[in-house]
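Residue-level structural notes
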Amino acid sequence: MLELLVFFFTSISLVLFLLTKLQPATMSNPELVLEKSSIEEIYPLASADELKLQHARYANFINHFRELYNEEPTVAVRGPGRVNLIGEHIDYSNFSVLPMAVDRDMIMAVSFGDAAASSDSETISVRLANVSESEFPSRTYTLPKDPKKFVEIDPKVSDWGNYFKCGVVVAQEFLINNREEYNIAEISAMRPMNVLVTGNVPTGSGLSSSAAFVVCATLSVLLGYGFKPTRKLLTQLSIKCEQHVGVNSGGMDQAASIYGVVDHALFVTFKPTLTATPFSFSSKVPADSKEEPFSFVIANSLVVSNKHETAPTNYNLRVVEVTLAALLLAKHLANKAGKTFADPADLLPADGNLQAGTLRNVLELVYPDQTFGTDADKDFVNSIEQLKTLETLAETVLGESEDTPEGHTTETVAKLLGISPEELVKRYMTTYPVRYNYLALRKRAVHVYSEAARVFEFLNALNRPTASSSLTETLGDIINRSHASAVSLFENSHPTVDRLCAIACANGAAGARITGAGWGGATVQLVSASKAAGLVAALKEDYYRKEFPGVSDAVIEDSLILSKPGNGTTILIDDFFSRV
Ligand code: NG1
């Protein structure tokens, strides 16, 4: 087996890593959230210089905490951002994805006070601060002291502090409602909290700073009440967090942030159950291959997209569109089979983010075969074929009923489902309100089925490199097709990001795509080792300098976010800060 090759570009902190054949990782106890007692253990691939910077960062953090609150934290955790290699906007349809944790992360420390000491009999106070006070000003909240009462979060208000409140609500609900099953001690009153955070995952960049934040918040609160969750439970709980701030999100980011493993990507499945299998990048190209090593470059487009503010026309609308597409396809299949359903709620299981069914449920109606997307389906060949059939079905069925190539009107969808337009809006568009001209059901469904197939194609190419075709070109082609689908079908790209990808492909990248929610944010590019330096130089000159004239060198360096696949969410233990 070849060693993992890590290339460091000295001029910029760019790390490129070799990706060849996927290999299962060995892990000591994959059930538990990681616990580490030193910076070196958290970042084992870091260079001496990088470790020095981390020591300074953690020391600055703990000093800030002590100065601000004049006490020691009760708990401290850190959680990473993530980059998604392939499989975009399919997690909330329960299709598998291929992300990895990056070594950009958030650190959070919390001291828990005594509930009895609170002067007010009804409330406790939570002080929340960020090391970067100018960007994220401090907040003080009062929260109900009664553990059965939950803090209210107004999803219309876009405020960084809401992300902490989400963690509180989700953890508190769990601690109160699952006492018996998990043997949790009764909580007589909620405790006051002093919280400090710092993060270096750029916000709005597609690297999921929000997941890093909510995972840390949920974990801190659970730990503060003496409960240590498994990774799976923490993932399941923190997935709910952003739904409290009005984004009806999927579960990829939290899974990647929690399950991350150094030097590995993750194959994350949501059905039949949540799993995250680490795969090593170190591996071999066939002995007779003349292929060069290749690597990924992550470049922030600097186009900032606020997912929360744009949710009604972007993220949440996509969740509604894929759900309605699933219902129309299910209705079509029922009609064809001569079955009648009085209510669309009976067409599919109450699955997915709207609890109304998913495109995966439709696939399972057509193929009730439970080996879909599992190891039992050798090389995913059957799964890919099934997805292609569903893609054709969506193209035909949803294409025939749409009002214009842009999509369906509310009235048409309601009529096809046999309910009134008012009922359609009430059922599917009220909890998370949306705005649109047409519901682009055909385009969204075709993207989802084809992207789910691309995840399996990607895994296959990695697992079975052949001497006759170039692995780099095969993967690059899959990546480019994913981006094309984002541009024309899922419409979650941005013209400036498209220019970045075009520049990358014209300058040596085998493939380039938008990653994460999109509408701005980060890109992932695949490049052969010998072309990487040229690619980076071209991005600097032809993209950053031209699209953002006047932008500083420091910003450009920082935009080439280059990060090794890193460890997942970590509890900092054993007097951790005495060693920073
Ligand atoms: P980011 O890039 O973190 O906003 C979002 C969703 C994911 C997934 C991707 C698209 C959240 C927290 N995350 O990611 O679940 O749907 O978009 O693949 O909303």
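Rules behind the numbers
Residues numbered from 1 in each chain as written. Predicted model: local features only at pLDDT ≥ 70, side-chain atom pairs only at ≥ 80, totals over all residues. Heavy atoms only, no water. UniProt positions renumbered as here; feature names shortened; annotations may be inferred. Domains from an automatic or database assignment. Contact = heavy atoms within 4.5 Å. Buried area = accessible area lost by both parts, 1.4 Å probe. Salt bridge = Lys/Arg side-chain N within 4 Å of Asp/Glu carboxyl O. Helix = DSSP H or I, 4+ residues; strand = E, 2+ residues; numbered from the N terminus. Axes fitted to C-alpha atoms, helices over the stretch in contact; angles between N-to-C directions. Parallel < 35°, antiparallel > 145°, perpendicular 65-115°, else oblique. Left-handed = near helix turned anticlockwise from the far one by under 90°. Nonpolar A, V, L, I, M, F, W, Y, C, P; charged D, E, K, R; others polar. Core = buried A, V, L, I, M, F, W, Y, C linked by side-chain atoms within 4.5 Å. Buried < 20%, exposed > 50% of the residue type's maximum accessible area, 1.4 Å probe, protein only. Near = heavy atom within 4 Å. Polar contact = N/O pair within 3.5 Å; in protein donor to acceptor, adjacent residues only side chain to side chain. Areas by Shrake-Rupley, 256 points an atom, 1.4 Å probe, with all protein chains shown as cover. Expected span 1.5 Å × (residues − 1). Pairing = 2+ DSSP bridges. Lys, Arg positive; Asp, Glu negative; His and termini not counted.

As named in an unreviewed UniProt entry, the chain is Galactokinase, taken from Geotrichum candidum. Within the UniProt record for the chain, the comment given under Pathway (unreviewed entry) is "Carbohydrate metabolism; galactose metabolism."

**A closer look at the domain arrangement of the chain**
By domain assignment, the chain separates into domain 1 (34-280 + 567-579), domain 2 (282-307 + 492-564) and domain 3 (315-488). A separation of 29 Å is found between the C-alpha centroids of domain 1 and domain 2. On the domain 2 side, the residues contacting the 26 residues of domain 1 number 23 residues. Taken over both partners, the interface formed by domain 1 and domain 2 buries close to 1,900 Å², and the fraction arising from carbon and sulfur atoms is 50%. One can count two salt bridges joining domain 1 with domain 2. A salt bridge links arginine 104 to aspartate 558, with the nearest nitrogen and oxygen atoms 3.3 Å apart. Counting only elements with at least two residues in the side of domain 1 that touches domain 2, the list comes to β5 (75-86) and β6 (98-112). Among the elements that make up the side of domain 1 that touches domain 2, the one with the highest residue count is β5 (five residues).

**Overview of the packing of helix α10 (residues 315-336) against helix α13 (residues 410-417)**
Their axes nearest at 10 Å, the elements α10 and α13 cross at an angle of 40°. As the angle between them shows, α10 and α13 are arranged oblique. α10 and α13 meet at a crossing whose hand is left-handed. Residues Leu324, Leu327, Leu328 and Lys331 of α10 lie in contact with α13, whose contacting residues are Val413, Leu416 and Leu417. The residue makeup of the contact of α10 with α13, split by class, is six nonpolar, no polar and one charged.

**Things to note about the nonpolar core**
One finds Met108, Phe164, Leu324 and Leu359 to be the most contacted residues of the largest nonpolar core, which totals 143 residues. Apart from the residues lying within four places of it in its own chain, the contact partners of methionine 108 are Phe61, Val75, Ala76, Val77, Phe164, Val195, Leu196, Val197, Phe213, Cys216, Ala217 and Ser220. Listed in part, the 22 residues of the second largest apolar core include Ala299, Ile503, Ala512 and Leu539.

**A word on the UniProt feature "domain: Galactokinase N-terminal" (unreviewed entry) in the chain**
As recorded in UniProt, the feature "domain: Galactokinase N-terminal" (unreviewed entry) lies at residues 64-111. Split by type, residues 64-111 is 12% helix and 54% strand. Its first and last C-alpha atoms lie 13 Å apart.

**Some remarks on the site of the ligand**
Taken together, 19 residues are adjacent to the ligand, and Glu88, His89, Asp91, Asp253 and Tyr315 come closest. Contact between the ligand and glutamate 88: an oxygen atom at 2.7 Å from a side-chain N or O atom of the residue. Separating an oxygen atom of the ligand from a side-chain N or O atom of aspartate 253 is a distance of 2.6 Å. Coverage of the ligand by the protein amounts to 97% of the 440 Å² it exposes when considered alone. The leading source of residues in the shell around the ligand is helix α8 (residues 252-259), at three residues. Classifying every residue of the shell around the ligand by side-chain character gives five nonpolar, eight polar and six charged. Each of two domains, domain 1 (34-280 + 567-579) and domain 2 (282-307 + 492-564), supplies a minimum of three residues to the shell around the ligand.

**Some points on helix α16 (residues 471-490)**
Helix length check: α16, at 20 residues, gives a terminal C-alpha distance of 27 Å against a target of 28 Å (1.5 Å per residue), a fit within 8%. Of the positions making up α16, those classed as buried are Leu471, Thr472, Leu475, Gly476, Ile478, Ile479, Ser482, His483, Ser485, Ala486, Leu489 and Phe490. Of the residues that open α16, the one with a side-chain oxygen 3.4 Å from the backbone nitrogen of threonine 472 is serine 470. Just past α16, the residue glutamate 491 takes up positive phi, approximately 50°.

**Observations concerning the sheet that holds β6**
Strand order across the open sheet formed by seven strands is β4-β15-β5-β6-β9-β7-β8, with mixed pairing between neighbours. Because the sheet does not close on itself, it has two edges, and the strands there are β4 (34-36) and β8 (139-144). The average angle at which neighbouring strand axes cross in this sheet is 25°, direction not considered. Examined bridge by bridge, strand β7 (residues 123-130) and β8 share six bridges and lie antiparallel to one another.

**Quick word on the pairing of strand β11 (residues 275-280)**
Where strand β10 (residues 264-269) and β11 come together, six bridges link them in antiparallel fashion. Bridge assignment links phenylalanine 267 to a residue of β11, and that residue is threonine 277. Connecting the antiparallel pair β10 and β11 is a turn made up of five residues.

**Focus on unusual backbone geometry**
For the peptide bond that leads from lysine 271 to proline 272, omega is 0°, which places it in the cis range. Although it is not a glycine, asparagine 183 sits at a positive phi angle of roughly 55°. Within the fold, asparagine 183 resides in the loop between α4 (179-182) and β9 (193-199).

**Regarding the side chain of aspartate 91**
Examined against the element boundaries, aspartate 91 turns out to sit in the loop between β5 and β6. At 7.1 Å, arginine 82 is the nearest oppositely charged side chain to aspartate 91, a buried residue that forms no salt bridge. Reaching out from aspartate 91, the side chain makes a polar contact with the backbone nitrogen of methionine 252 at a distance of 3.0 Å. With near-sequence residues (within four places) excluded, aspartate 91 lies in contact with Val97, Gly250, Gly251, Met252, Phe270 and Tyr315.

**Some words on the environment of asparagine 492**
In this fold, asparagine 492 is placed in the loop between α16 and α17 (495-506). You can call asparagine 492 buried: its relative accessible area is 2%. In the structure, asparagine 492 is positioned 403 residues away from histidine 89 in sequence and 9.3 Å away in space, judged by C-alpha atoms. Every residue in contact with asparagine 492, bar those within four places of it in the chain, is listed here: His89, Ala486, Ile514, Gly516, Ala517, Gly518 and Trp519. Here the side chain of asparagine 492 touches histidine 89 through a polar contact of 3.4 Å, side chain to side chain.

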